[in-house]
Amino acid sequence: MSSSKVVVITGVSRGLGRAMAEEFIQRGYIVAGCSRSKSAIADLTRQFGPPHGFCVVDVASDKDVKSWAEAILKSHGPPDLLVNNAAIINRNAPLWKVAAREFDEVIDINIKGVANVIRHFVPAMVERKAGVIVNFSSGWGRATDAEVAPYCATKWAIEGLTQALAQELPDGMAAVPVNPGIINTAMLRSCFGGSAFAYPTAEEWAKKAVPFLLQLGPRDNGQPLTVPG
Ligand SMILES: NC(=O)c1ccc[n+]([C@@H]2O[C@H](COP(=O)([O-])OP(=O)(O)OC[C@H]3O[C@@H](n4cnc5c(N)ncnc54)[C@H](OP(=O)(O)O)[C@@H]3O)[C@@H](O)[C@H]2O)c1
């Protein structure tokens with residue numbers, strides 16, 4: 001078991017997850033990450049070998065998350081920081097034009113995926129009575145816009161789920177819903193189109209976001225926070 005601090009991040013193949021993984025590693029943390037893209041996971045594994053670990057896991061699968069968590073808890077112990085970052089957004093459309101399958105996928109990943117990760121990682125953190133759980137929310141978890149109703153519904157759910165979880169944790173731990181801000185990633189380009197390019201890159205964002213996440217602690221339990229711009 002390593003004595004360095006362990007950060008678990010979901011959704012590390014691109015965007016904010018990838019940029020955070022690289023920034024945490026640069027700062028000396030051990031990162032365990034997952035995403036569905038086999039090629040991105042192979043690339044991360046080539047770039048960052050042990051003690052870091054990257055696995056192909058779909059967070060929407062409770063079974064796959066269970067196996068992943070068991071392996072990480074065995075090799076690395078309970079995470080000091082667990083970041084539920086993985087999410088998708090619906091293609092821009094009025095709610096009544098979103099097909100049932102697409103709506104289900106957004107719910108399955110953005111809400112049930114977060115619950116799956118919590119179900120399998122948090123008991124070991126609770127047993128140790130230490131660690132911070134960050135669930136990525138959004139500006140659209142506190143306000144709304146047209147054409148992104150399924151995504152808004154999931155991020156409002158994350159705010160509620162995280163605040164309820166915060167009431168269940170023992171002293172010494174924290175669960176925090178964090179709005180990362182507005183960052184030029186594939187997800188932002190999907191909903192903002194070309195205007196996404198006016199916003200910072202994920203790498204620029206991670207330079208501020210990672211120190212912000214690292215200073216979160218029990219005093220922040222249940223507080224809806226935003227990464228400073
Ligand atoms: N960018 C912004 O301005 C912004 C604003 C507010 C909130 N956020 C939130 O920030 C987080 C990251 O967003 P982003 O902009 O970086 O999005 P992104 O560029 O689309 O990246 C999303 C990441 O999540 C992974 N992912 C998606 N579904 C998954 C699944 N079922 N299992 C495992 N991994 C999965 C993707 O990898 P695979 O496809 O390989 O699985 C990818 O690595 C999200 O929670 C998002 O809602 C972003």
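Summary of the structure given here. No experiment lies behind these values; they were computed from the predicted model shown. (Residues numbered from 1 in each chain as written. Predicted model: local features only at pLDDT ≥ 70, side-chain atom pairs only at ≥ 80, totals over all residues. Heavy atoms only, no water.)

## A closer look at the overall build of the protein chain
Counting secondary structure elements, the protein chain contains seven helices and seven strands. Tracing the protein chain from N to C terminus, the helices and strands come up as β-α-β-α-β-α-β-α-β-α-β-α-α-β. Taken against the 2.2 N^0.38 rule, which gives 17 Å for 229 residues, the C-alpha radius of gyration of the protein chain at 17 Å falls within 12% of a compact globule. Counting only C-alpha atoms and orienting by the principal axes, one finds that the protein chain spans roughly 50 × 40 × 35 Å. The proportion of buried residues among the 229 residues of the protein chain is 50%. (Helix = DSSP H or I, 4+ residues; strand = E, 2+ residues; numbered from the N terminus. Rg over C-alpha atoms; globule rule 2.2 N^0.38 Å. Buried < 20%, exposed > 50% of the residue type's maximum accessible area, 1.4 Å probe, protein only.)

## Some thoughts on the pairing of strand E1 (residues 6–10)
Buried residues dominate E1, accounting for five of its five residues. Burial along E1 is two-sided: the face carrying Val6, Val8 and Thr10 and the face carrying Val7 and Ile9 are both buried. Inspection of the sheet shows E1 paired to strand E2 (residues 30–35) by five bridges, in the parallel sense. Opposite Ile9, over in E2, you have Gly33 as the bridge partner. In this fold, E1 hands off to helix H1 (residues 15–26), which returns the chain to E2; that crossover is right-handed. (Pairing = 2+ DSSP bridges. Right-handed = clockwise from strand over helix to strand, strands pointing away.)

## Some points on the site of the ligand
The ligand sits among 30 residues. The nearest are Ser13, Asp58, Asn85, Tyr151 and Thr185. One of the side-chain N or O atoms of Arg36 is found 2.8 Å from an oxygen atom in the ligand. Within the side chain of Thr185, a nitrogen or oxygen atom sits 2.5 Å from an oxygen atom of the ligand. Notes on the ligand: free accessible area 880 Å², of which the protein chains cover 96%. Placement of the ligand is best described as lying within the largest pocket. Of all the secondary-structure elements, those providing two or more residues to the shell around the ligand are H1, helix H5 (149–168) and helix H6 (186–192). With three residues, H6 is the single largest residue contributor to the shell around the ligand. (Near = heavy atom within 4 Å. Polar contact = N/O pair within 3.5 Å; in protein donor to acceptor, adjacent residues only side chain to side chain. Areas by Shrake-Rupley, 256 points an atom, 1.4 Å probe, with all protein chains shown as cover. 1 Å grid on protein atoms, 1.4 Å probe; cavity = no way out; pocket = protein on both sides within 12 Å on 5 of 7 lines; lining within 4 Å. Sits in = over half its atoms within 2 Å of the grid points.)

## Overview of the packing of helix H3 (residues 62–76) against helix H4 (residues 100–128)
Contact geometry for H3 and H4: axes closest at 8 Å, N-to-C directions at 25°. Viewed along their axes, H3 and H4 adopt a mutual orientation that is roughly parallel. As H3 runs across H4, the sense of the crossing is right-handed. Between H3 and H4, the residues in contact are Asp62, Val65, Lys66, Trp68, Ala69, Ile72 and Leu73 and Asn116, Val117, Arg119, His120, Phe121 and Ala124, respectively. Tallied by class, residues from the contact of H3 with H4 come to eight nonpolar, two polar and three charged. (Axes fitted to C-alpha atoms, helices over the stretch in contact; angles between N-to-C directions. Parallel < 35°, antiparallel > 145°, perpendicular 65-115°, else oblique. Left-handed = near helix turned anticlockwise from the far one by under 90°. Contact = heavy atoms within 4.5 Å. Nonpolar A, V, L, I, M, F, W, Y, C, P; charged D, E, K, R; others polar.)

By themselves, these are just geometric observations and shouldn't be taken as functional.
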